[in-house]
Amino acid sequence: MSGAGAPNAEERIDGSGLNVVIVAGTWHETISDGLIAGAKRTLDAAGATHTLVRVPGSFELPVVSKAALEAGADAVVALGVIIRGGTPHFEYVSAAATDGLTRVAIDTGKPVGFGVLTLDDEAQGLARAGFADSQEDKGAEAAHAALATALTLRSLRG
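Owing to the predicted nature of the structure, the values given are computational and were not obtained by experimental measurement. (Residues numbered from 1 in each chain as written. Predicted model: local features only at pLDDT ≥ 70, side-chain atom pairs only at ≥ 80, totals over all residues. Heavy atoms only, no water.)

### Some words on unusual backbone geometry
In terms of backbone geometry, most residues other than glycine have negative phi values and most peptide bonds are trans.
Next, step 1: A positive phi angle, near 55°, is found at H28, a position not held by glycine.
Next, step 2: Tracing the backbone shows H28 in the loop between β1 (19-25) and α1 (29-46). (Helix = DSSP H or I, 4+ residues; strand = E, 2+ residues; numbered from the N terminus.)

Right, dumping it as C-alpha cells:
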C-alpha cells in the first residue's frame, strides 16, 4: 500500500478561521462518499468551516476548484475517482485533473488538497476511501494537506 511514510493525517491542526471548499466528483458514489466523509471529519476536527460542491467527474474538478478559490475560499479539497478501463480515457482524464489542479493552485496561490484516486480497479479505491476496513483515508489526507498548506501560506504572508 502506498501509505507507508505518508504524513500523519491524524496530527491535530488548528484550522479555525479557514474556509475550505470540498469539490468532489459524483463518479463512483460509494468511494467518493467515503472520501468526502474523511475530508469532513478532518476539517471538523480542525475547526475549519467547509462546504461541499459536487461536480460530475474528475475532469470538472479544476474549473470548479478555481472558482471556489477565486470566490474567497482559503483552500480546496479536490476529491475524485478515476478507474482504469480498456481505453486511453483513463490517461486523459487523470492528466487533465492532475495538471488542472496543479495549475489552479499555482495560479491562485492557494492550496488544493489532492484527493483524486487513480485506480486500476474498484478494490483499490475501497482500500483508500477511509471506511472502517480500508487501509488508508485519502479524503482525510487531502484535507489535512490543504489545511497544513493554508496555515503555512498564512504564516509566510503575515
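### Describing the packing of helix α2 (residues 61-70) against helix α3 (residues 89-108)
Next, step 1: Axis separation between α2 and α3 bottoms out at 8 Å; the angle between their running directions is 15°. Regarding the angle of α2 to α3, the classification is roughly parallel. Between α2 and α3 lies a crossing of right-handed hand. Only A96, A97, G100, L101, V104 and T108 of α3 make contact with α2, whose side of the interface consists of L61, P62, S65, K66 and L69. (Axes fitted to C-alpha atoms, helices over the stretch in contact; angles between N-to-C directions. Parallel < 35°, antiparallel > 145°, perpendicular 65-115°, else oblique. Left-handed = near helix turned anticlockwise from the far one by under 90°. Contact = heavy atoms within 4.5 Å.)

### Quick word on the pattern of salt bridges
Next, step 1: The full count for this structure, using the stated rule, is 9 salt bridges.
Next, step 2: Linking D107 and R103 is a salt bridge whose minimum nitrogen-to-oxygen distance equals 3.1 Å. Taken as a pair, D107 and R103 lie in helix α3 at a separation of 4 residues, close to a single helical turn.
Next, step 3: Residue D107 is classed as partly exposed on the basis of its relative accessible area of 47%.
Next, step 4: Classification of R103 by relative accessible area gives exposed; the value is 59%.
Next, step 5: Several salt bridges converge on common partners, so that one network encompasses R128, E136, K138 and E141. (Salt bridge = Lys/Arg side-chain N within 4 Å of Asp/Glu carboxyl O. Buried < 20%, exposed > 50% of the residue type's maximum accessible area, 1.4 Å probe, protein only.)

### Notes on the pairing of strand β3 (residues 75-83)
Next, step 1: With 8 of 9 residues buried, β3 is to be regarded as a mostly interior element.
Next, step 2: Direction of pairing for β1 relative to β3: parallel, over a ladder of 5 bridges. If you follow V20 over to β3, its bridge partner there is A75.
Next, step 3: Pairing between β3 and strand β4 (residues 112-119): 8 bridges, direction parallel. Its bridge partner being in β4, V76 is matched across the sheet by V112. (Pairing = 2+ DSSP bridges.)

### What about the packing of α1 against helix α5 (residues 138-157)?
Next, step 1: Orientation of α1 relative to α5, taken along the N-to-C sense of each, is 40°, at an axis distance of 6 Å. Judged on the interaxial angle alone, α5 and α1 are oblique. Both α1 and α5 take part in a crossing whose hand is right-handed. For the pair α1 and α5, contact is made by L35, G38, A39, T42, L43 and A46 and by K138, G139, A140, A143, H144 and L147, respectively.
Next, step 2: Grouping the constituent residues of the contact of α1 with α5 by class yields 7 nonpolar, 4 polar and 1 charged. (Nonpolar A, V, L, I, M, F, W, Y, C, P; charged D, E, K, R; others polar.)

### Section: the side chain of E136
Next, step 1: Relative to the elements of secondary structure, E136 occurs in the loop between α4 (122-128) and α5.
Next, step 2: In terms of polar contacts, E136 uses its side chain to reach the side chain of K138, at 3.0 Å. (Polar contact = N/O pair within 3.5 Å; in protein donor to acceptor, adjacent residues only side chain to side chain.)

### Structural notes on the sheet that holds β3
Next, step 1: Strand order in this open sheet of 4 strands is β2-β1-β3-β4, and the pairing throughout is parallel. Two strands in the sheet have a free side with no partner beyond their single neighbour: β2 (49-55) and β4. The mean inter-strand angle of the sheet, taken between neighbouring strand axes irrespective of direction, is 15°.

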